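Letter by letter, the chains look like this.
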Amino acid sequence: MQRNAGPPRQVQADGRRVGHEELDRRQHGIGYDGRRDRPRDLVLRRPVMLDARLRPIIDVPLNSIGQWLAGRGIGANGVTMAGMVVGLAAAAAIGQGEYRTGLLLILVNRLLDGLDGAIARASRLTDFGGYLDIVADFVFYVAVPVGFGLASPSNLVPALLLVASFALTGISFLAFATLAAKRGIETAAHGRKSFFYDTGIAEGTETIAAFILMSLFPTYFPTIAVIYASLCVLTIAQRSFGAWHRFR
């Protein structure tokens, strides 16, 4: 391997040579964000799904509340932990067949999940806060299907399939984020984040919509779970194709 050979270049029709960053930008849909063309300033243009479309709507009230809470000394990490506890309580309620209570707690969990980021933006964003946030999110996403699985024997297999699809979706998400960070690729489509948030067919908004439907119509949980697990599989395939296209 020629480690010191320098970055690959390509000759254009006019005789000029193009470096690897420009090739990435042209071939893989990567654009500069208006600053110096350094690798860490590359921004990945991705399709916009529901999460990114909702950002301009929900960020304004969340940021206002977050500033108010931060000004009174409430920390983002404490809100993240409180949200995780509420999410576990939602799963416990669902496991006992208290679906309406579980739905209420799911909504409270999502509110707290939005507020912790708003508080962090109003005070200080930290890498540990980003780590804690993603761990709490996945605890919630796994706990709710487990709750439904415990609520009825007929739910067990669909719940296992849903948890497995969430786990694989999470792996693909974090693997993509790791490679994006290695290449200095950024996105602001989901707001200011501690690491790269890749767009997929099944994101947070779609997942909460599925949880709401499951809670409102618990007898249809197996059907909803299998349908949503299929969407997660499509998301994994979409993200894997995107990774192959950009990182090969």
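All values reported here derive from a predicted model rather than from experimental measurement.

**Things to note about the overall build of the chain**
Part 1: The helix and strand tally for the chain stands at eight helices and five strands.
Part 2: Secondary structure elements of the chain occur, N-terminal to C-terminal, as β-β-α-β-β-α-α-α-α-α-β-α-α.
Part 3: The proportion of buried residues among the 248 residues of the chain is 42%.
Part 4: Here the contacts in the chain between residues at least 6 apart in sequence split such that 70% fall between residues at least 24 apart.
Part 5: Within the structure as shown, the chain displays about 13600 Å² of accessible surface, and the carbon and sulfur contribution to it stands at 64%.

**Topic: the confidence of the model for the chain**
Part 1: Scored by pLDDT, the chain comes out at a mean of 79, with 72% of its residues at no less than 70.
Part 2: Of all helices and strands in the chain, the one with the weakest mean pLDDT is helix H1 (residues 20-28) (40), whereas helix H3 (residues 76-95) scores best (97).

**A short note on the environment of Val-144**
Part 1: One can find Val-144 in helix H5 (residues 127-151).
Part 2: The class for Val-144 is buried, based on a relative accessible area of 0%.
Part 3: Expressed as a C-alpha distance, the spacing of Val-144 and Ala-159, which sit 15 residues apart in the sequence, is 9.1 Å.
Part 4: Look past the residues within four positions of Val-144 in its chain and what remains in contact with it is Ala-91, Ile-94, Ile-106 and Phe-211.

**Remarks on helix H6 (residues 156-182)**
Part 1: Its 27 residues place the ends of H6 39 Å apart at the C-alpha level, agreeing with the 39 Å of an ideal helix rising 1.5 Å per residue.
Part 2: A positive phi of about 75° marks Gly-184, the residue just after H6.

**Here's the deal with the packing of H5 against H6**
Axes are the key here: two packed helices are described by the angle between their axes and the distance separating the axes.
Part 1: Put simply, H5 and H6 touch, their axes get as near as 7 Å, and they point 165° apart. Accordingly, the angle class assigned to the pair H5 and H6 is roughly antiparallel. For the pair H5 and H6, the crossing hand works out as right-handed. Mapping the contact onto sequence places Ile-134, Phe-138, Tyr-141, Val-142, Pro-145, Val-146 and Gly-149 in H5 and Leu-156, Ala-159, Leu-162, Val-163, Phe-166, Gly-170, Phe-173 and Leu-174 in H6.
Part 2: Taken together, the residues of the contact of H5 with H6 break down into 13 nonpolar, two polar and no charged.

**A few points about the pattern of salt bridges**
Part 1: This structure, assessed with the given rule, holds two salt bridges.
Part 2: Salt-bridge contacts for Arg-110 lead to Asp-113; the nearest nitrogen and oxygen are separated by 3.2 Å. Linking Arg-110 with Asp-113, this pair stays in helix H4 (residues 99-122), spanning three residues, or about one helical turn.
Part 3: With relative accessibility at 17%, the residue Arg-110 sits in the buried group.
Part 4: We classify Asp-113 as partly exposed; its relative accessible area is 22%.

**Thoughts on a nonpolar patch on the surface**
Part 1: A cluster of nonpolar side chains, namely Ile-201, Ile-227, Leu-231 and Leu-234, defines an oily patch on the protein surface of about 320 Å² accessible area.
Part 2: The residue Leu-231 is located in helix H8 (residues 221-247) in this model.
Part 3: A relative accessible area of 30% places Leu-231 in the partly exposed class.

**Observations regarding the nonpolar core**
Part 1: The biggest cluster of nonpolar side chains holds 22 residues, and the ones touching the most others in it are Phe-211 and Met-214.
Part 2: Counting only elements with at least two residues in this core, the list comes to H3, H4, H5, H6, helix H7 (204-216) and H8.
Part 3: The residues touching Phe-211, leaving out its near neighbours within four places in the chain, are Ile-106, Phe-140, Tyr-141, Val-144, Pro-145 and Phe-166.
Part 4: One finds Leu-62, Leu-69, Ala-76 and Val-79 within the second-largest nonpolar core, a separate group that totals 10 residues.

**Structural notes on the side chain of Thr-235**
Part 1: If you trace the backbone, Thr-235 turns up in helix H8.
Part 2: The buried category is assigned to Thr-235, whose relative accessible area is 0%.
Part 3: Once residues lying within four places of it in the same chain are set aside, the contact partners of Thr-235 are Thr-169, Gly-200, Ile-201 and Ala-202.

**A few points about the packing of aromatic side chains**
Part 1: For the structure shown, the criterion picks out 10 aromatic pairs.
Part 2: Joined through ring pairs, the aromatic side chains of Phe-138, Phe-140, Tyr-141, Phe-166, Phe-211 and Tyr-228 make up one cluster.

Scoring rules and cut-offs
- Residues numbered from 1 in each chain as written.
- Predicted model: local features only at pLDDT ≥ 70, side-chain atom pairs only at ≥ 80, totals over all residues.
- Heavy atoms only, no water.
- Helix = DSSP H or I, 4+ residues; strand = E, 2+ residues; numbered from the N terminus.
- Buried < 20%, exposed > 50% of the residue type's maximum accessible area, 1.4 Å probe, protein only.
- Contact = heavy atoms within 4.5 Å.
- Areas by Shrake-Rupley, 256 points an atom, 1.4 Å probe, with all protein chains shown as cover.
- pLDDT = per-residue confidence, 0-100.
- Expected span 1.5 Å × (residues − 1).
- Axes fitted to C-alpha atoms, helices over the stretch in contact; angles between N-to-C directions.
- Parallel < 35°, antiparallel > 145°, perpendicular 65-115°, else oblique.
- Left-handed = near helix turned anticlockwise from the far one by under 90°.
- Nonpolar A, V, L, I, M, F, W, Y, C, P; charged D, E, K, R; others polar.
- Salt bridge = Lys/Arg side-chain N within 4 Å of Asp/Glu carboxyl O.
- Patch = residues over 30% accessible without salt bridge, like charges linked within 9 Å, V, L, I, M, F, W, Y side chains within 5 Å.
- Core = buried A, V, L, I, M, F, W, Y, C linked by side-chain atoms within 4.5 Å.
- Phe/Tyr/Trp six-rings, centres within 6.5 Å; stacked < 30°, edge-to-face > 60°.

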